[in-house]
Amino acid sequence: MFKFNNLRSKFFLGMGAVILSFIFLSLLFIAQLIKKFAREEISRNLHDGVRAYGEFSALSNKLLIDKARSVAETPYLKATMNIPQVDHETALYAAKKVEQVSKTPLVLLADHEGKLLADVTNPSVSGQDLQEYPGIHQALQSEEFVGVWQYLDHFYLVAVTPITSGEQVVGILVLGNVLNSTFADNLRGITGRDVIILHASQVIAESWLEKPSFPMTSEELASLGTLIKRMDRKSAPKNFSIHLAGSHRLAIAVPLRESDSEYSVILSRAFDNILALYRSAWGWIVMAGIFTAGIALFVSRGIAARLCRPIRELMEASHAMAQGNLSTCVEVISQDEIGKLSQAFNTMARRIEKLIENVCTNAEKAEAANKAKSEFLANMSHELRTPMNGIIGMTGFLLDSELSPEQRNFSETIRLCADSLLTIINDILDFSKTESQNLGLEVVNFDLTEVLFEVLDLLAVQAAEKGLELIAYFQPDMETAVRGDPGRLRQVLMNLIGNAIKFTEKGEVVIRVQVEEKVDQSSLFRFDITDTGIGIPNQAYDRLFKSFSQVDGSMSRKYGGSGLGLAISKKLVELMGGKIGFESTVGQGSTFWFDLPLEMQLTRSEKNSSGAGFAGLSAFRTKPPG
């Protein structure tokens, strides 16, 4: 018994189902091709009929005009038409002679003014003006004409030729063959197609290879007339589908004569027999397709079950592993490619489980080491601040005593170095708190202007010593009574404004505060600190907010600092729900900004009236000495 030990055999059966489906689709395609080829064959057949009709029409027109020209040249007819005021009886007699010679059912004689002298079909009729009929006016101008007349109650294919005596037109001869069933039978015999001769929506004559079961309806005639009107007479004739005389047909319409647009010949062939064969074949094809599809679905179902079961188990095991169940494994039920994949999955699961165990162990060790480092930094920073505060305090006492200039200079140097060292220790302490996630925030009522003025007061002396102008602007009518952590905001402002003063040798440092957006009981405040300092090169942007990092290694030697100020500021701003960034141009200065959302106090304080906003007046301004 055949065993499915590998995917090749399984896919072989799957391909068998695909092939059966392909055969079914191919049969449908062949059926459509049969219909298309049959239609094209009938279309070619119709066009062949059009060519045969064109040759017949040209030949019959030539024979008719040649016959009319030959009769018009007979001496007897010329002599009769030269009689002045020839009477009706004489003209009728001559017309009957012409009928005997020409063998045409319609013979008309008219005088040199186009008035009817004799009509063989209606002997009693005479004196009518024929100039309203096509070709009469041309004959009076010594020209010949072949066309269609609707004369009395019949339609005729006529030849109109002048009867001349010397250079003068003495009369007109009209010979015509009636457009009737006999004429249509002749066309049917020549073209081998069903023939309808149509004038507008009126059937003049018709002839069928097989007589239709019932005549054409008025609606069919109207649709035929509409189709004829839409045809482009200047282009080659095109076949069209139509339901005519109780059957589906392909037809083609051509003008009875090229210069006549009112009269048309429609050649058609019934399409019902071919359609019946097509429908019958299509029915069998549908039955075969249903049977084939049933077999294909049955086979495919079995194949899909065998193929999908291990794949589904692999998928479920993968989901379980993704949810943390690392002990998951799948059952290997075959030795084919999917079985080998299951084995590889089990091996991978064991290795991942072991790897994650190692990672967890290493992570715990790293976390413990990091925690120990943070605790060590926090403890050491705290322990260092106590003696540093003592050094600063004792140095202050020493400066208050009587000292020589050299001793006072040494003492001032000691105090400056102690202050710098205390700042670094404070930065390390804050950084260690942010690293260990021990940095907390408080939410209290405070005023933005008071916090900013406190910072500016502390830094004003430093700016004045460097000869810098320190300016602060507030948005007009800005509400500054807010809720948040003023201490952390003060720390961020100290860092950013202090850096701006530190890296600016001349010019100014400008602080702008405005409201970006108001939402319910909170506002988004924008702080911009702009300096005219050294600027920041593009290649240093990516390390600007990193810990223990400065733009240039020489900066720490020239300007001092630990490289933690911006990193701490960034963490504090983000901890308060804001974001921070900067823009800079080397040699022109920098702008550091941060957006900070703050709640508005429920009882609003009086609006700040000291600042006039960006119009030019400042809420705080310091000028360099001199």
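See the structure above.
Notes on the structure follow. (Residues numbered from 1 in each chain as written. Predicted model: local features only at pLDDT ≥ 70, side-chain atom pairs only at ≥ 80, totals over all residues. Heavy atoms only, no water.)

### Concerning the overall build of the protein chain
Logical step 1: Along the backbone of the protein chain there are 13 helices and 18 strands.
Logical step 2: The buried share of the protein chain, taken over its 626 residues, is 40%.
Logical step 3: In the protein chain, the share of contacts with a sequence separation of at least 24, taken over all contacts with a separation of at least 6, comes to 63%.
Logical step 4: In the structure as shown, the protein chain presents an accessible area of about 35300 Å², 56% of it carried by carbon and sulfur atoms. (Helix = DSSP H or I, 4+ residues; strand = E, 2+ residues; numbered from the N terminus. Buried < 20%, exposed > 50% of the residue type's maximum accessible area, 1.4 Å probe, protein only. Contact = heavy atoms within 4.5 Å. Areas by Shrake-Rupley, 256 points an atom, 1.4 Å probe, with all protein chains shown as cover.)

### Side note on a nonpolar patch on the surface
Logical step 1: A contiguous nonpolar patch, built from Phe29, Ile30 and Ile34 and spanning about 300 Å² of accessible area, is present on the exposed surface.
Logical step 2: With respect to the helices and strands, the residue Ile34 is situated in helix H1 (residues 7-72).
Logical step 3: Judged by relative accessible area, Ile34 falls into the partly exposed class, the value being 47%. (Patch = residues over 30% accessible without salt bridge, like charges linked within 9 Å, V, L, I, M, F, W, Y side chains within 5 Å. Salt bridge = Lys/Arg side-chain N within 4 Å of Asp/Glu carboxyl O.)

### Comments concerning the nonpolar core
Soluble, globular proteins show a tendency: their nonpolar side chains are buried together.
Logical step 1: Counting 49 residues, the largest nonpolar core has Leu77, Leu173, Ile197 and Val265 as the members making the most contacts within it.
Logical step 2: No other element matches the eleven residues that H1 contributes to this core.
Logical step 3: Residues within four places of Val265 in sequence aside, it is in contact with Tyr53, Leu187, Val195, Ile196, Ile197, Ile252, Ala253, Val254 and Leu256.
Logical step 4: One finds Phe474, Leu496, Ile497 and Ile580 within the second-largest nonpolar core, a separate group that totals 43 residues. (Core = buried A, V, L, I, M, F, W, Y, C linked by side-chain atoms within 4.5 Å.)

### Examining the sheet that holds strand S2 (residues 116-119)
Logical step 1: Spatial strand order, S2-S1-S5-S4-S3: five strands in an open sheet with antiparallel pairing. Both outer strands of the open sheet, S2 and strand S3 (145-151), are each paired with one neighbouring strand and no more. Across the sheet, the mean angle separating the axes of adjacent strands is 30 degrees when strand polarity is ignored.
Logical step 2: With ten bridges connecting them, strand S4 (residues 154-165) and strand S5 (residues 168-178) associate as antiparallel partners. (Pairing = 2+ DSSP bridges. Axes fitted to C-alpha atoms, helices over the stretch in contact; angles between N-to-C directions.)

### Focus: the pattern of salt bridges
Logical step 1: Per the stated rule, a full pass over the model turns up 13 salt bridges.
Logical step 2: With a closest N to O distance of 1.9 Å, Arg51 and Asp48 form a salt bridge. With Arg51 and Asp48 both in helix H1 and three residues apart, the pair spans about one turn of that helix.
Logical step 3: We note a salt bridge from Asp528 to Arg526, for which the minimum N-O separation is 3.4 Å. Neither residue differs from the other here; Asp528 and Arg526 are each classed as buried.
Logical step 4: Three or more residues are tied together by salt bridges with common partners; here these are Lys62, Asp66, Arg69 and Glu144.

### Some points on the packing of helix H10 (residues 448-465) against helix H11 (residues 486-502)
Logical step 1: As a packed pair, H10 and H11 sit with axes 10 Å apart at the nearest point and diverge in direction by 35 degrees. Between H10 and H11 the crossing geometry is right-handed. Across the interface between the two elements, Leu448, Val451, Leu452, Glu454, Val455, Leu456, Leu458, Leu459, Gln462 and Ala463 of H10 pack against Pro486, Leu489, Arg490, Leu493, Met494, Ile497, Gly498 and Ile501 of H11.
Logical step 2: Residues of the contact of H10 with H11, tallied by class, amount to 14 nonpolar, two polar and two charged. (Left-handed = near helix turned anticlockwise from the far one by under 90°. Nonpolar A, V, L, I, M, F, W, Y, C, P; charged D, E, K, R; others polar.)

### Digging into the side chain of Arg249
Logical step 1: Position of Arg249 relative to the elements: it lies in strand S9 (residues 247-257).
Logical step 2: Assessed through its relative accessible area of 4%, Arg249 is described here as buried.
Logical step 3: Looking at Arg249, its side chain comes within polar contact range of the side chain of Asp194, at 2.7 Å.
Logical step 4: A distance of 3.2 Å separates a polar atom in the side chain of Arg249 from a polar atom in the side chain of Ser268.
Logical step 5: Look past the residues within four positions of Arg249 in its chain and what remains in contact with it is Asp194, Trp208, Phe240, Ser241, Ile242, Leu244, Ser268, Arg269, Ala270 and Phe271. (Polar contact = N/O pair within 3.5 Å; in protein donor to acceptor, adjacent residues only side chain to side chain.)

### Let's talk about the packing of aromatic side chains
Logical step 1: Under the defined criterion, the tally for this structure stands at nine aromatic pairs.
Logical step 2: Arranged with centres 6.4 Å apart and planes meeting at 45 degrees, the rings of Trp149 and Tyr151 form a pair that is tilted. Tyr151 shares its class with Trp149; the two are buried.
Logical step 3: Among the aromatic residues, those joined into a cluster by ring pairs are Tyr133, Trp149 and Tyr151. (Phe/Tyr/Trp six-rings, centres within 6.5 Å; stacked < 30°, edge-to-face > 60°.)

### Here we look at H11
In an α-helix there are 3.6 residues to a turn, and that puts residues three or four apart on one side.
Logical step 1: Along its 17 residues, H11 runs 23 Å from first to last C-alpha, staying within 8% of the 24 Å computed at 1.5 Å per residue.
Logical step 2: Counting buried positions along H11 yields twelve of 17 residues, so the element is predominantly enclosed.
Logical step 3: Every buried residue of H11 is accounted for by Pro486, Arg488, Leu489, Gln491, Val492, Leu493, Asn495, Leu496, Ile497, Gly498, Ala500 and Ile501.
Logical step 4: By the N-cap criterion, in which a side-chain oxygen at the helix start approaches the backbone nitrogen of a residue two or three places on, H11 is capped by Asp485, the distance to Gly487 being 3.1 Å. (Expected span 1.5 Å × (residues − 1).)

### Things to note about the pairing of strand S12 (residues 469-474)
Logical step 1: Among the six residues in S12, six count as buried, and that is most of the element.
Logical step 2: Burial along S12 is two-sided: Glu469, Ile471 and Tyr473 and Leu470, Ala472 and Phe474, pointing in opposite directions, are all buried.
Logical step 3: Where S12 meets strand S14 (residues 508-519), six bridges bridge the pair, whose relative direction is parallel. Among the inter-strand pairings, Ala472 is bridged to a residue of S14, identified as Ile511.

### Concerning the side chain of Asp528
Logical step 1: Among the structural elements, Asp528 can be located in strand S15 (residues 522-531).
Logical step 2: There is a polar contact of 3.4 Å between the side chain of Asp528 and the side chain of Arg526.
Logical step 3: Setting aside residues no more than four positions away along its own chain, Asp528 makes contact with Val510, Ile511, Arg512, Gln514, Thr591, Phe592 and Trp593.

### Points about the pairing of strand S7 (residues 202-207)
Logical step 1: Bridge analysis of strand S6 (residues 194-199) against S7 gives five bridges, and the strand direction is antiparallel. Following the sheet pairing, Val195 is matched in S7 by Ser207.
Logical step 2: Once S6 ends, the chain turns through two residues before running back antiparallel as S7, passing Ala200 with a positive phi of about 55 degrees.

### A closer look at the packing of H11 against helix H13 (residues 565-575)
Logical step 1: Between H11 and H13, the shortest axis-to-axis distance is 9 Å and the interhelical angle comes to 145 degrees. For the pair H11 and H13, the crossing hand works out as left-handed. Mapping the contact onto sequence places Arg488, Gln491, Val492, Asn495, Leu496 and Asn499 in H11 and Gly565, Leu566, Ile568, Ser569, Leu572 and Val573 in H13.
Logical step 2: Split into classes, the residues belonging to the contact of H11 with H13 amount to six nonpolar, five polar and one charged.

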